[in-house]
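# Architecture at a glance
Next come the chains, spelled out residue by residue.
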Amino acid sequence: MAEPKEKSHNDQKPKPRVRPIVRLGIFLVSHSFLVSVVCCTSGVLALFLLPVLAKNTYISENALMPGSASPMLSNQHVLDGNRLVKDLTNSNLKSSETGIESHKIIAQYMLDLGAEVSFHKFHPQMNQFHPLHFFSSPDSGKIQENYSCSSYGINTVGIIRAPRGDGKEAIVLVTPYNALKSGFGEALSLGIAYSVFSLLTQVTWLAKDIIWLVADSQFGEYAAVSAWLREYQTPKFSSLSTLNSEMCPDINNLFEIKVHSVAGSKFSNSFRRAGTMAAALVLKVRDQGEQFEDTISIYAEASNGQMPNLDLINVVNYLAVHRQGLRVNVEKLRSLLNSSWLKSLGEIFESLAKVAKTLNPKCKFGIPATEYVEGTATLASSLYYQALGVPTGPHGAFRDYQVDAITLEISPKFSLDKVWRNDILLRGGRLIEGVIRSVNNLLEKFHQSFFLYLLTSPSKFVSVGVYMIAFALLIAPLPMVAASLYVDANSSSNFLKGDSSTPSAITDAAEHGITIRSWKWLNSAKLVFIVHLWGAIVSLLPYFICQIPDCSPMTSFVIWVLLSILSLLILNSVLASPLACVKASQEKEWALVKSVTISSMFIGLGLMSVINFATAEIGALLMVPMCLLAQPLKLDLRAGTLRSCCRIICNLVLGHIAFPPAAFFLLKGMLEGFGSANVGDFWMWVESLWAWNSATYLFIGLLRSGSNPLMIESIQVPLMDRVGACE
Amino acid sequence: MDTFNNSKPVLHLLLLPCLLLYSSIAFSSSSVEAAMHTNNWAVLVCTSRFWFNYRHMANTLSLYRTVKRLGIPDERIILMLADDMACNTRNKYPAQVFNNENHRLNLYGDNVEVDYRGYEVTVENFLRVLTGRHETAVPRSKRLLSDEGSHILLYMTGHGGDEFLKFQDSEELQSHDLADAVKQMKEKHRFKELLIMVDTCQAATLFNQLQSPGVLAIGSSMKGENSYSHHLDSDVGVSVVDRFTYYTLAFFERLNIYDNASLSSLFSSYNPSWLMSTAYYRKGVYKRSLEEVPVTTFFGSVMETIHTDAAYKALSRRNSGRFEAQTSLDQSVYHPERRTQMKVNDRDETHNINPEGNKQLLQGQEGASKCPWNTFCNKFLKAENVDSLVNYGLVAMVPFLVISTWLVR
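Cut-off values and rules
Residues numbered from 1 in each chain as written. Chains lettered and ligands numbered in written order. Predicted model: local features only at pLDDT ≥ 70, side-chain atom pairs only at ≥ 80, totals over all residues. Heavy atoms only, no water. UniProt positions renumbered as here; feature names shortened; annotations may be inferred. Helix = DSSP H or I, 4+ residues; strand = E, 2+ residues; numbered from the N terminus. Bend = angle between axes of the 7 residues up to and from the residue. Buried < 20%, exposed > 50% of the residue type's maximum accessible area, 1.4 Å probe, protein only. Polar contact = N/O pair within 3.5 Å; in protein donor to acceptor, adjacent residues only side chain to side chain. Contact = heavy atoms within 4.5 Å. pLDDT = per-residue confidence, 0-100. Pairing = 2+ DSSP bridges. Patch = residues over 30% accessible without salt bridge, like charges linked within 9 Å, V, L, I, M, F, W, Y side chains within 5 Å. Areas by Shrake-Rupley, 256 points an atom, 1.4 Å probe, with all protein chains shown as cover. Salt bridge = Lys/Arg side-chain N within 4 Å of Asp/Glu carboxyl O. Buried area = accessible area lost by both parts, 1.4 Å probe. Axes fitted to C-alpha atoms, helices over the stretch in contact; angles between N-to-C directions. Parallel < 35°, antiparallel > 145°, perpendicular 65-115°, else oblique. Left-handed = near helix turned anticlockwise from the far one by under 90°. Phe/Tyr/Trp six-rings, centres within 6.5 Å; stacked < 30°, edge-to-face > 60°. Lys NZ or Arg CZ within 6 Å of the ring centre and 35° of its normal.

## Side note on the UniProt feature "transmembrane region" (unreviewed entry) in chain B
- When the UniProt feature table is mapped onto this chain, "transmembrane region" (unreviewed entry) is found at residues 389-408 of chain B.
- The span residues 389-408 of chain B is 100% helix and 0% strand, and its two end C-alpha atoms sit 28 Å from each other.

## Overview of helix α2 (residues 32-53) of chain A
- The largest bend in α2(A) amounts to roughly 35° and is located at A:Leu47, with the proline A:Pro51 lying one to four residues further along.
- Taken residue by residue, α2(A) has A:Ser32, A:Val35, A:Ser36, A:Cys39, A:Cys40, A:Gly43, A:Ala46, A:Leu47, A:Leu50, A:Pro51 and A:Val52 as its buried positions.

## Some points on the side chain of A:Asn440
- Summarising the element assignment, A:Asn440 is placed in helix α14 (residues 418-440).
- Look at A:Asn440 and you get buried, because its relative accessible area is 0%.
- Side-chain polar atoms of A:Asn440 contact the backbone oxygen of A:Trp205, separated by 2.8 Å.
- Setting aside chain neighbours within four positions, we find A:Asn440 in contact with A:Ile171, A:Trp205, A:Leu206, A:Ala207, A:Lys208 and B:Arg90.

## With respect to the confidence of the model for chain A
Residues and elements named next belong to chain A.
- The predicted model of chain A has a mean per-residue pLDDT of 75, with 67% of residues at 70 or higher.
- For chain A, per-element mean pLDDT is lowest for helix α28 (residues 708-726), which scores 43, and highest for strand β4 (residues 169-177), which scores 93.
- When the criterion is pLDDT under 50, residues 239-246 qualifies, and its contacts beyond four places in sequence or with other chains add up to five contacts.
- The model gives residues 495-505 a pLDDT under 50, and that stretch makes one contact with residues more than four places away or in other chains.

## With respect to the sheet that holds β4(A)
Residues and elements named next belong to chain A.
- Taken in spatial order, the nine strands of this open sheet run β6-β2-β3-β5-β4-β7-β10-β8-β9, and their pairing is mixed. One side of each edge strand has no neighbouring strand; the edge strands of this open sheet are β6 (267-268) and β9 (327-330).
- Note that β4 and strand β7 (residues 276-285) share six bridges and pair parallel. Counted as the bridge partner of Ile 171 is Ala 279 from β7.

## What to know about a nonpolar patch on the surface
All names here are of chain A.
- Together, Val 18, Ile 21, Val 22 and Ile 26 give the surface a local cluster of nonpolar side chains, amounting to about 340 Å² of exposed area.
- With respect to the element layout, Ile 21 can be found in helix α1 (residues 20-30).
- Among the residues examined, Ile 21 registers a relative accessible area of 60% and is labelled exposed.

## Quick notes on the interface of chain A and chain B
- Residue-level contacts link 19 residues of chain A with 18 residues of chain B.
- Overall, the association of chain A and chain B removes approximately 1400 Å² of surface from exposure, summing both partners, and the carbon and sulfur fraction of that is 55%.
- Among the residues of chain A in contact with chain B, A:Ser68, A:Arg164 and A:Leu443 are the three that bury the most area, contributing 38% of the side total.

## A look at unusual backbone geometry
Residue and element names in this part refer to chain B.
- For Phe 50, which is not glycine, the phi dihedral falls at a positive 80°.
- Relative to the assigned elements, Phe 50 resides in the loop between β1 (39-46) and α2 (54-69).
- The phi angle at Gln 202 is positive, at roughly 50°, despite the residue not being glycine.
- By secondary structure assignment, the location of Gln 202 is in the loop between β8 (193-199) and β9 (215-219).
- Here Gln 202 falls in the buried class, since its relative accessible area comes to 18%.

## A short note on the side chain of B:His56
All names here are of chain B.
- Relative to the elements of secondary structure, His 56 occurs in helix α2.
- Given a relative accessible area of 1%, His 56 falls into the buried group.
- For His 56, the side chain forms a polar contact with the side chain of Ser 48, separated by 2.5 Å.
- Once residues lying within four places of it in the same chain are set aside, the contact partners of His 56 are Cys 46, Ser 48, Thr 157, Gly 158, His 159 and Asp 242.

## Here we look at the packing of α2(A) against helix α15 (residues 464-475) of chain A
Residues and elements named next belong to chain A.
- The geometry of α2 relative to α15 is characterised by a closest axis approach of 7 Å and an angle of 165° between their N-to-C directions. When the axes of α2 and α15 are compared, the pair comes out roughly antiparallel. Here α2 runs over α15; the crossing is left-handed. Here Cys 39, Cys 40, Ser 42, Gly 43, Val 44, Ala 46, Leu 47, Leu 50 and Leu 53 of α2 come into contact with α15, specifically with Val 466, Tyr 467, Ala 470, Leu 473 and Leu 474.

## Some words on the packing of aromatic side chains
- Considering all chains together, one arrives at 23 aromatic pairs over all chains under this definition.
- For the ring pair A:Trp228 and A:Phe271, a centre distance of 6.4 Å and an interplane angle of 40° mean the geometry is tilted. Here the residue A:Trp228 occupies a position in helix α6 (residues 221-233), and A:Phe271 occupies one in the loop between β6 and β7, the gap between them amounting to 43 residues.
- Classification of A:Trp228 as buried rests on a relative accessible area of 0%.
- Centroid distance A:Phe471 to A:Phe613: 5.8 Å. Interplanar angle 75°. Geometry classified as edge-to-face. Residue A:Phe471 is found in helix α15, and its partner A:Phe613 is found in helix α22 (residues 613-629); the two are separated by 142 residues along the sequence.
- For A:Phe471, a relative accessible area of 3% corresponds to the buried category.
- Among the aromatic residues, ring-to-ring pairing joins A:Tyr109, A:Tyr194, A:Phe197 and A:Trp212 into one connected group.
- Its guanidinium or amino end placed over the ring of B:Tyr119, B:Arg49 lies 4.0 Å from that ring's centre, counting from NZ or CZ.
- A cation sits over an aromatic face here: B:Lys142 above B:Tyr116, 4.9 Å from the ring centre.

## Remarks on the pattern of salt bridges
- Enumeration according to the criterion identifies 23 salt bridges over all chains in this entry.
- A:Arg427 serves as the salt-bridge partner of A:Asp294, at 2.8 Å between the closest nitrogen and oxygen. Placement of A:Asp294 in the loop between β7 and β8 (295-299) and of A:Arg427 in helix α14 is noted, with a sequence separation of 133 residues between them.
- On the basis of relative accessible area, A:Asp294 is assigned to the buried category, the value being 8%.
- We note a salt bridge from B:Glu120 to B:Lys142, for which the minimum N-O separation is 3.1 Å. With B:Glu120 in the loop between β3 (116-117) and α3 (123-131) and B:Lys142 in the loop between α3 and β4 (150-157), this pair connects stretches of sequence that are 22 residues apart.
- Take B:Glu120: its relative accessible area is 30%, and that puts it in the partly exposed class.

## Considering the pairing of strand β11 (residues 453-457) of chain A
Residue and element names in this part refer to chain A.
- Among the five residues of β11, five are classified as buried, and the element is accordingly described as predominantly covered.
- Sheet topology places β11 next to strand β12 (residues 460-463); four bridges connect them, and they run antiparallel. Across the sheet, Leu 454 pairs through a bridge with Val 462, a residue of β12.
- Following β11, the chain reverses through two residues before pairing antiparallel with β12.

Take a look at the structure:
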């Protein structure tokens, strides 16, 4: 960094030498505009560079040894699985009350293998908004009293005990199954799981117990799995199960029939447990297949952007690609794949890499443009789902208990051939077997590899150390601009006084004035605080709105908007009335407000990046430019230059984009076309967010609205001006 | 009478060469004793835990089997296994360990005697075994009871690096530690020749500090090289043997107890392209040329039967060994005097085969002669000392000749 040259007014007196870091700070603050422009652009650029900087994944844990053992799943097991598939599909045709029937069939099959079987009855939890439960783990101690006997789900659980294991650890295999309207895919997933299960009852190498959970997905896959996990992790010592059976005799029938039919077997009425879970796999088979290849999709994002250990994904990826010849897929934003600007950006990076290679043959970064586009699409979806904080599958429920879990969705090359069905059973089964055997080798929890990463392809990732750079660059200008604004606001008045009197003759009174002025920011802090309070109120409002019965999303959204405006007006009249009388030095006041807002924004973004990086990153992308550009409309209007016009336009556009509903519609429109966008959608989206206890919601509510003082102020100032003119 | 009186100094004169003879015999016998190969010991160490290090246990057990087959009895093998793979729940074949995917040979058969297992295998215990500084409660079967005539094979395998070998995933043995232990062993006359064989990454670096004489060392790889496993058993699901050990075993499979293959033929059998690393041996101060040393010097135990009249001779040595062990316990604080004293004791013990030899030497010739006579007989039995014996005999004949001619005159 060059030596700062203080040209203006430091020449007359040789000052005592200041420390370099202080001088650097002063330099940065004094050139905050340039610095912020450079930092922001480089931050955005770094974000786009991430696919290029992605590293290849590698298996970090020695103990895993995926693929070192040859698969033992034979055709016999496949035939077993096939038998189950047939029975299930037949029973579907046969009776109307298939729900219980198919569960009985599954349980019978498990019992025949010699596994311990139990049913777990659960009642779906209604989506409820708990404003204070965002960061707490799912509430498990709560006992629901008011359930009805009509709506319940039954999970069938089979447990294989490791023959020589200590029974302290377990691996969970989950297959969601909706008995009432199951497609062929679900039956097939059960077939795969069953063939693996039947193999695992025979092997001698199990060190961990195997739990096979057939999750009743009639109330959603997540609900079933989370209900079972809640029960598993928090043993209840009340006599709730007996209470249940008393109240709902028809369910009890099921259990009794079971017990009678297979007396002496390992069926049990009570909830069965194995050890702590080392890992969990959710297996699904998609009904509509791919056209070209057998593909397996990995879903990993859990609530609040938590990811399972990268090793788990690596193991699955390695086994699927190198052993079973399946194509592995992670979620992409499809709309980005065809975007031409991304392609050209990729080409630019590619040619840059070539130039770099000619200069230094050793450096090999740079990937082909098509790969770049794919990587960016994957990265974008990875960011999006992490930012949203909504789990992408039932595996999310496991992450809440710190269990590493992923969802595998097999989409087979579709044909109704029986050979094909056997083939997919064999390969899917061998994949699951390989993963289980690999996890079985583990001695400790997954801990070697990354937990904080973004995937750019199934075999490439960006680790936390790399992606934090982009974020840090993006938010770095915030404190500098805040400092420089604060200094400006204070020193401009100083400067006026300094003109009238000599700098040496500063009296006590002047000093007193300075101290008063230096506390002036409290006033603006109050304003910012009020707006934050408003944000909190707005984000709590849906709790009350959703109590209103029979509300369409549209109307509830309108109610929400109206209530928010009302609350703003009330707050303004009650608390912020002194705001209006500040008229004298509006510009200075404005600078202070901006400075305080920016610093609170900086703190908020910094904190959020620790909780959920992706949310913070997207938030920063939207809000940092807005914060830096925001300026009262009046001042710009008065100036009337081209530059200020540009700034007005930027402000208005950014101001609208950063407004959450607007951003939502814009994104949705971009991805799906504007025709489908609907006001009610936003309500649904928000509803889904709080249903999942997403911290994103809180973040949007508090922080996004926190940035609103700027907007409000920028509109308020001309208004007040007009009021002043009228007087 | 006169003649008798005269004969008194003559008698003294006569005695003098006899004494000379005795002392020279005694001295030569002691030096011969130090050079004599008495027995063979093997210390086989597997230092790593965890299921995925199955091959290290298989390595060690294969070598255990080999040295046992070549004649080292179980009581002279200290086997240290840091983990129990045979009974690991992940083992597809319970209570069996294989070193080849053909599963023809179960290494963990009926007569495997593991001396240190599991968490007992620590650097501390390993060094205690080498130096013989045990707690009193440690049974004899867990001690390396070698003597100055012992040939010891020290085999170690595990995960290592530059000048260290990892023990139990938590501690490490450094090359300094090893060199120091070997030096102590030398000082305490615990071995005559020692072969250190290490199969680990950068194994050669472990020998950097070795300076003691009579120590031969061979490692599986040079500095900066990795040692690789030989093959994966896809049935068990782990690699079952390391390359260096695999080819060592391949060499020994061709041999039996009576083979005379030399160490150099073993060392030259390691092909770097097979090992994927360079086997490195360090001769150091090892005097004999490797072509002349048969591998059975270390890997087998061809015992020579030594006939002794005095049955307590071996007993006395054992006693002194125990004494040594006891003193060593007290030596946790270093006492130079005691150390020297002990050395003197050692020297006494080795030079004078009879423990009370000093006193007897003062008492008279008969007492003293009893013992040398035995050794004399021993030496006489031994073919190699015939030349010196004849020489001494001729020298002894001279005074007799002189005396007899003088008496006759």
